[in-house]
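Residues per chain are reported as follows:
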Amino acid sequence: MSLGFVIGESKPTIVTAITSRALSVGEYIKISTDEGEILGLVERSSVSSAAFTDVRNFDEASESTEIAELNKRDKTFTAHIGILGFLKNLRKGQSIIPAIPPIPGTEITLPSEQDLKEIFSPEKEGWVSIGNLLRNKSIDAKVNLDKIVSRHLGILAMTGMGKSNLVSLITKQISKLKGTVIIFDYHNDYTSLNIPRINVIDAKINPRLLDADQLSEVLEIRDGANVQQRVLRMAFTKHVKESKEFWSKLENEVEFIVNSEDKKLKEIRTSAYRVQDIIEDAQRRFEDILDPDMGDPISFIKEGRTNILNISELSEKQANVAVAFYLQQLLKDRKDASIARHRKTKRERNFRFNSPIFVIIEEAHVFIPKDHDTSAKYWAAKIAREGRKFGLGLGVVSQRPRSVDLNVLSQMGSFAIMKIIQEDDQRQIASATESTSRELIAQLTSLNVGDAVLVGQWTNLPSLVHVEEVKEKVMGADQSAVNAWAKAEKMNEVAVESTQGLVQKDLLLD
Amino acid sequence: MLSILKGPKFEQILQKARDNWIEFTPTKEEVVTAGIDSSFNNTKFQGIELWATTAVSVKSDGEILVDLHKSGLGSADDISSIASKMEIEACEKTVDSVDMVLMDGSLHSQLMTRQANLGASIVRIMKKKDNVIFIAKTSNTKKQFENLGSLAGDIFYYNHVTNSPGFSKIFVEKKYGADKIISSTFVRLSDSTPIIKLEFLGDQHDENEVKSIMNKLYKTSVGGYPYALKLAHNNCKISDKELAKMVSLLGLSNEIGSREVLG
């Protein structure tokens, strides 16, 4: 059935069509040309009414409403359609843009369900469903997991739009395949994820494994306190690192500086006192986090499982150090494993992970910031560049894309972009995703919760999808303040009753 | 200069306009109307002119009843007359198929000034069913208050003294001959909308007929103006762009000597 006709100036990548009804953004259409059938995606849709063009006030609007109903020619439905390629090639996953633009006057029609299934729901290994096409609900939207591990993934959306649901869904799908996922869980969102093969780890830091700068960050020595940092560098000797009594040895070294009669050391005595206090304070405050006696932190991560690294107890700086440490170790291990396999070395296998790993960094704007360097950013960037070769995939999740380092973001081969209102964020996305058209980005403001634009290598084509809700995800939803207050009130009442009951009246003084 | 807006003479004219005005709020009455309009355009092209004229008759529901086009190369002196002829042709083809035919513009101007030679055919078509009305958005005629020394057009004074729906007493002009009597009235279809001028042929029109016509017009009007006429206007515009297309269609754009090469 004819849906409309190509009009105006037509280009190989975009055409305008006048249609018999309003088309939805995200709807797929088919254009039959002499070269073959072409698939297009509606990127912008508009309706205009001749009766309402010069309306200046309420009364005229009201009169025009009646008039518009009478006139079947009153409405003009216009659709801007991005050309995705020849249908024949898209079925094989190749996007071939026609050399000759569709001639104005060419008819457009709806693609068949089979056409869409072959493209968006390929029955191939590695493709898993994450929901359905937003405008064609009967079509499963499948993504290629191989591509996200080899070419990375960015998940960008405002808060509450379904980022952690999508992370959970991808994790669940990888878990079904017995793959290894590591999530740096900054808000304790995933520890209660109720899927099989889950391994929750409270991220701790072994101070012995850090360098002096990292230790300074972990102990929360101020950024500008150069002398204090110098004291720590001097005190954090190899001997301290290897000592059984880590903290007391470290304190001894600082003590030595404090008591030293050396002229040079005397000058930094005041700072050394301060460092002493900081170390003492840190041992008390970060008792659960800084553990010099813990084994290799990487050994807690289990292959073939979903590993949730709970970093919610860590301060921002500590989390940064921890993330950097894990990323560094994981890259090293995967490198070793890949090289060993490649060379078929007979050396002792001293690596932990034999299969690819997918690492997800939540709140990426904190760890991979745009405006300053962090150690986590350094290692994330390195993985973004090199991880492909060693089977280490990176998932970057953020609600503030504008604050995420563009170098890292632009290395992401695939993206799921959900509702984004801020123009700065949209601009950053446009810069990071060359293939995403401005029209599609402009639609990001109108998406609902769970709706996402998928672009990049993990799909055959840019697509608008509704992501399936993960029932196994317990946390992460908005909290109801009203319910919580009601419960708190009830508890207060219980508390009053129970304490009143406990007080013996005769013991009360008048 | 301000005597147009102030002074005893001005007040006298306003009072007369007030006296002439009959308040009437129309109610919607079902009717099939068609609006007719024409347009023309021309472009100079290597010493000659390419001209195009069009006339259209369209119903309020968007159905186009008549769509006429003419174009040619040559002197464009008489294209307005060609357009007027086509308008009359469109009217002739429409009068039998609708209840009311709305012509854009002024009958007075059609009969007496612009295209006096077409007068006979206009009269013939208007008399056929007596269902043709001329409607003008703007009017410059200074007939009704000229004996009071009016400086502005009649419509100016009615606009000044009224704001509500209604119409002015019918003004009959007989000086063009017995078969070319024009009855006119200024009408406002709804509150605070611009006044339009209705013109009928003959002198047999009364206030009840005006009321009935207002009811019929009101049904399909936007902002006090009949939608069929707006549709007709929109459908018969010939833009410069369209003329450029015609030049291209006629294969003239690549003629040697085209001035574009100088650009």
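Residues numbered from 1 in each chain as written. Chains lettered and ligands numbered in written order. Predicted model: local features only at pLDDT ≥ 70, side-chain atom pairs only at ≥ 80, totals over all residues. Heavy atoms only, no water.

Chain A carries the name Helicase HerA central domain-containing protein in an unreviewed UniProt entry, which gives Nitrosopumilus oxyclinae as its organism. UniProt, in the comment section headed Sequence similarities (unreviewed entry), describes chain A in these words: "Belongs to the HerA family." (UniProt positions renumbered as here; feature names shortened; annotations may be inferred.)

Caption draft 1: Fine view of the overall build of chain A. The secondary structure content of chain A amounts to 18 helices and 17 strands. Taking all 510 residues of chain A together, the buried fraction comes to 51%. Put simply, 71% of the contacts in chain A that link residues at least 6 apart link residues at least 24 apart. For chain A, the accessible surface area stands at approximately 25,900 Å², while carbon and sulfur atoms represent 48% of it. (Helix = DSSP H or I, 4+ residues; strand = E, 2+ residues; numbered from the N terminus. Buried < 20%, exposed > 50% of the residue type's maximum accessible area, 1.4 Å probe, protein only. Contact = heavy atoms within 4.5 Å. Areas by Shrake-Rupley, 256 points an atom, 1.4 Å probe, with all protein chains shown as cover.)

Caption draft 2: Quick peek at the overall build of chain B. The helix and strand tally for chain B stands at eight helices and 12 strands. In chain B, which comprises 263 residues, the share counted as buried stands at 53%. When contacts within chain B are restricted to residue pairs at least 6 apart in sequence, those whose partners lie at least 24 apart make up 68%. Taken as a whole, chain B presents about 12,700 Å² of accessible surface, with 51% of it coming from carbon and sulfur.

Caption draft 3: Quick peek at the environment of Ile81 of chain A. Residue and element names in this part refer to chain A. With respect to the secondary-structure elements, Ile81 resides in strand S5 (residues 75-86). Counting along the chain gives 40 residues from Ile81 to Leu41, while the straight-line C-alpha distance between them is 5.3 Å. Excluding anything up to four places from it in sequence, Ile81 contacts Thr13, Ile14, Val15, Ala17, Ile29, Gly40, Leu41, Val42 and Ile108.

Caption draft 4: Representation of a negative patch on the surface within the structure. A contiguous patch of negative charge, built from Asp202, Glu287, Asp288 and Glu313 of chain A, is present on the exposed surface. Position of Asp288 of chain A relative to the elements: it lies in the loop between helix H11 (269-285) and strand S12 (306-310). (Patch = residues over 30% accessible without salt bridge, like charges linked within 9 Å, V, L, I, M, F, W, Y side chains within 5 Å. Salt bridge = Lys/Arg side-chain N within 4 Å of Asp/Glu carboxyl O. Lys, Arg positive; Asp, Glu negative; His and termini not counted. Charge placed at Lys NZ, Arg CZ, Asp CG, Glu CD.)

Caption draft 5: View of the nonpolar core. Residues Ile170, Leu219 and Phe367 of chain A are the most contacted members of the largest nonpolar core, which totals 128 residues. A per-element tally of this core places helix H12 (residues 316-343) of chain A first, with nine residues. Apart from residues no more than four positions distant in its own chain, Ile170 of chain A is found in contact with Leu145, Ile148, Leu153, Ile155, Phe358 and Trp458 of chain A. Listed in part, the 27 residues of the second largest apolar core include Met86, Cys91, Val101 and Val132 of chain B. (Core = buried A, V, L, I, M, F, W, Y, C linked by side-chain atoms within 4.5 Å.)

Caption draft 6: Molecular detail of helix H4 (residues 119-129) of chain B. Among the residues of H4 of chain B, Gly119, Ile122, Val123, Ile125 and Met126 of chain B are the ones counted as buried. Downstream of H4 of chain B by a residue or two, Asp130 of chain B has a phi angle that is positive, lying close to 55 degrees.

Caption draft 7: Focus on the sheet that holds strand S15 (residues 414-417) of chain A. Residue and element names in this part refer to chain A. A sheet is described by the order of its strands in space; here 11 strands give the open sequence S8-S7-S17-S16-S15-S9-S14-S13-S10-S12-S11, paired in mixed fashion. Pairing within the sheet leaves two strands with one partner each, and these edge strands are strand S8 (140-144) and strand S11 (198-202). The mean angle between the axes of side-by-side strands here comes to 30 degrees, regardless of whether they run parallel or antiparallel. (Pairing = 2+ DSSP bridges. Axes fitted to C-alpha atoms, helices over the stretch in contact; angles between N-to-C directions.)

Caption draft 8: Molecular detail of a nonpolar patch on the surface. Judged by side-chain polarity, Phe5, Ile7 and Ile18 of chain A come together as a nonpolar surface patch covering roughly 220 Å² of accessible area. Here Ile18 of chain A is to be found in strand S2 (residues 14-19).

Caption draft 9: Region of the structure containing the pairing of strand S13 (residues 357-361) of chain A. Residue and element names in this part refer to chain A. Counting buried residues in S13 gives five out of five residues, a clear majority hidden from the surface. By the alternation rule, side chains of S13 split into Ile357, Val359 and Ile361 and Phe358 and Ile360, which are all buried. Looking at chain direction, strand S10 (residues 180-185) and S13 are connected through five bridges and run parallel. Paired with Ile183 across the strands is Ile360, a residue of S13. Looking at chain direction, S13 and strand S14 (residues 392-398) are connected through five bridges and run parallel. Bridge assignment links Ile357 to a residue of S14, and that residue is Leu392.

Caption draft 10: The arrangement of the packing of aromatic side chains in detail. Applying the stated criterion across every chain, the model contains 14 aromatic pairs over all chains. For the ring pair Phe246 of chain A and Trp247 of chain A, a centre distance of 5.0 Å and an interplane angle of 80 degrees mean the geometry is edge-to-face. The exposure class of Trp247 of chain A is buried, given its relative accessible area of 12%. With 6.2 Å between their ring centres and 50 degrees between their planes, Phe10 of chain B and Tyr157 of chain B make a pair best called tilted. Residue Phe10 of chain B is found in helix H1 (residues 7-20), and its partner Tyr157 of chain B is found in helix H5 (residues 154-161); the two are separated by 147 residues along the sequence. Tyr157 of chain B carries the same exposure label as Phe10 of chain B, and that label is buried. Through a chain of ring-to-ring contacts, three or more aromatic side chains come together here, namely Phe10, Trp21, Phe145, Phe156, Tyr157, Tyr158 and Phe186 of chain B. (Phe/Tyr/Trp six-rings, centres within 6.5 Å; stacked < 30°, edge-to-face > 60°.)

Caption draft 11: Quick look at the pairing of strand S7 (residues 127-133) of chain A. Residue and element names in this part refer to chain A. Burial runs high along S7: seven of the seven residues are buried. The turn joining S7 and S8, which pair antiparallel and follow one another in sequence, is formed by six residues. Relative to strand S17 (residues 463-467), S7 is paired through three bridges, and the arrangement is antiparallel. Residue Leu133 lies in a different strand from S17, and its bridge partner there is Val465.

Caption draft 12: Up close: the interface of chain B and chain A. On the side of chain A, 14 residues touch chain B, which itself brings 16 residues to the contact. Taken together, both faces of the contact between chain B and chain A bury some 1,200 Å²; the carbon and sulfur share is 49%. Inspection of the chain B/chain A interface yields two salt bridges. Two residues, Lys230 of chain B and Asp54 of chain A, come together in a salt bridge whose shortest N-O distance is 3.6 Å. Where chain B meets chain A, there are three residue pairs in polar contact (both at pLDDT 80 or more). Among the elements of the structure, helix H6 (207-219), strand S11 (221-222) and helix H7 (227-235) of chain B are those that each provide at least two residues to the side of chain B that touches chain A. Element by element, the count of residues in the side of chain B that touches chain A is highest for H7 of chain B, at three residues. (Buried area = accessible area lost by both parts, 1.4 Å probe. Polar contact = N/O pair within 3.5 Å; in protein donor to acceptor, adjacent residues only side chain to side chain.)

Caption draft 13: Representation of the side chain of Gln426 of chain A within the structure. Residue and element names in this part refer to chain A. In this structure, Gln426 sits in helix H16 (residues 423-432). You can call Gln426 buried: its relative accessible area is 12%. For Gln426, the contacting residues outside a window of four places in its chain are Ile420, Ile421, Ile441, Leu444 and Thr445.

Caption draft 14: Layout of the confidence of the model for chain B. Residues and elements named next belong to chain B. Of all residues in chain B, 90% have pLDDT values of 70 or greater, and the mean over the chain is 86. Across residues 256-263, confidence stays below pLDDT 50; counting only partners more than four residues off in sequence or on other chains, it has four contacts. For this predicted complex, the interface score ipTM comes out at 0.74, alongside a pTM of 0.70. (pLDDT = per-residue confidence, 0-100.)

Caption draft 15: The packing of helix H2 (residues 79-94) of chain B against H4 of chain B, seen in detail. All names here are of chain B. Remark: H2 packs on H4, axes separated minimally by 10 Å, with the N-to-C direction vectors making an angle of 20 degrees. When the interaxial angle is binned, H2 and H4 end up roughly parallel. Judged by the sense of rotation from one axis to the other, the crossing of H2 with H4 is left-handed. Across the interface between the two elements, Ile88, Cys91 and Glu92 from H2 touch Ser121, Ile122, Arg124 and Ile125 from H4. (Parallel < 35°, antiparallel > 145°, perpendicular 65-115°, else oblique. Left-handed = near helix turned anticlockwise from the far one by under 90°.)

Caption draft 16: Spotlight on unusual backbone geometry. All names here are of chain A. With a phi close to 70 degrees, His152 is a non-glycine residue in the positive phi region. Summarising the element assignment, His152 is placed in the loop between helix H4 (145-151) and strand S9 (153-156). You will see that Glu363, though not glycine, has its phi angle at about 50 degrees, which is positive. Examined against the element boundaries, Glu363 turns out to sit in the loop between S13 and helix H13 (364-367).

Caption draft 17: Molecular detail of a positive patch on the surface. Residue and element names in this part refer to chain A. A contiguous patch of positive charge, built from Lys147, Arg151, Arg388 and Lys389, is present on the exposed surface. Those elements that place two or more of their residues in the positive patch are H4 and helix H14 (375-390). Its place among the elements puts Arg151 in helix H4. The exposure class of Arg151 is partly exposed, given its relative accessible area of 34%.

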